[in-house]
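Read off the chains here:
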Amino acid sequence: MRVLIVEDEQQLADATARVLRREGMAVDVVYDGLSGLAHASSRDYDVIVLDRNLPELDGDELCAALVHHRTRAKILIVTAAGELEARVAGLELGADDYLAKPVALPELVARIRTLARRRGEAQTDVLSWRDLTLDRRTRVVERNGGRIMVSRREYLVLEALLAAHGAVVETRALLEAAWDDAVEYPAPNSVRVAVKRLRRKLGPPDVIETVAGSGYRLQ
């Protein structure tokens, strides 16, 4: 799952990103509306967490622009204005959900997961392929009933492969899914290394196939 946080309070934004990354999400963070628009226009996000009061481009204008351009991401507005009128105004802009500050982080995580499940490719909590399962709620990976410990990026790579249901997932798409702005310049072989570690942890028979010149798929 990939999330974009658009929040001008830098400490709050960075702290929120750390929590979401611990929850197994790939998270990008920007601190103004124009940067938010640029990121949302160039990358595929599951959820955008959007503050309403932003510099450069107001949060309301950003939300309206995203809706106008038919973004596939779900939009969660987070703002200090918690009155009924403010909530209604935010939803009327086209946002999918609304939270008033101060936000309890466990609730924010739950709201993000709920919104992500409403996206077309994320309707199920448990992804499976043969004897391999991944539970998005608990972030538990199992094969033949045995639990497998994976890193956050390995989990995100495997999640993307499972969500593709055997279709080829391009290397670039896996980079988008698992490497966020916390790593400014991922190494060119980052995906290959993550897949190699996954293969070792998942054990035989090998479930991940390399598609030469393209990417990877489950076999």
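Predicted model only: the values in this text are computed from it and were never measured.

So, the side chain of Arg136: which residues are in play, and what are the values?
Counting through the fold element by element, Arg136 comes out in the loop between strand E7 (132-135) and strand E8 (140-143). Taking the relative accessible area as the measure of exposure, Arg136 reaches 13% and is therefore buried. Looking at Arg136, its side chain comes within polar contact range of the side chain of Glu159, at 2.8 Å.

How would you summarise the pattern of salt bridges if you had to cite specific residues and measurements?
Per the counting criterion, the structure on display carries 18 salt bridges. Its salt-bridge partner being Glu23, residue Arg139 comes within 3.0 Å of it at the nearest N-O pair. With Arg139 in the loop between E7 and E8 and Glu23 in the loop between helix H1 (10-22) and strand E2 (26-30), this pair connects stretches of sequence that are 116 residues apart. Residue Arg143 pairs with Asp131 through a salt bridge whose shortest N-O separation is 3.1 Å. Of this pair, Arg143 sits in strand E8 while Asp131 sits in the loop between strand E6 (126-129) and E7, and the two are 12 residues apart along the sequence. We classify Arg143 as buried; its relative accessible area is 10%. Classification of Asp131 as partly exposed rests on a relative accessible area of 27%. Bridged by salt links that share partners, the residues Arg2, Asp28, Arg43 and Glu176 form one connected network.

Procedures and definitions
- Residues numbered from 1 in each chain as written.
- Predicted model: local features only at pLDDT ≥ 70, side-chain atom pairs only at ≥ 80, totals over all residues.
- Heavy atoms only, no water.
- Helix = DSSP H or I, 4+ residues; strand = E, 2+ residues; numbered from the N terminus.
- Buried < 20%, exposed > 50% of the residue type's maximum accessible area, 1.4 Å probe, protein only.
- Polar contact = N/O pair within 3.5 Å; in protein donor to acceptor, adjacent residues only side chain to side chain.
- Salt bridge = Lys/Arg side-chain N within 4 Å of Asp/Glu carboxyl O.

Worth remembering: the numbers are spatial, not functional.
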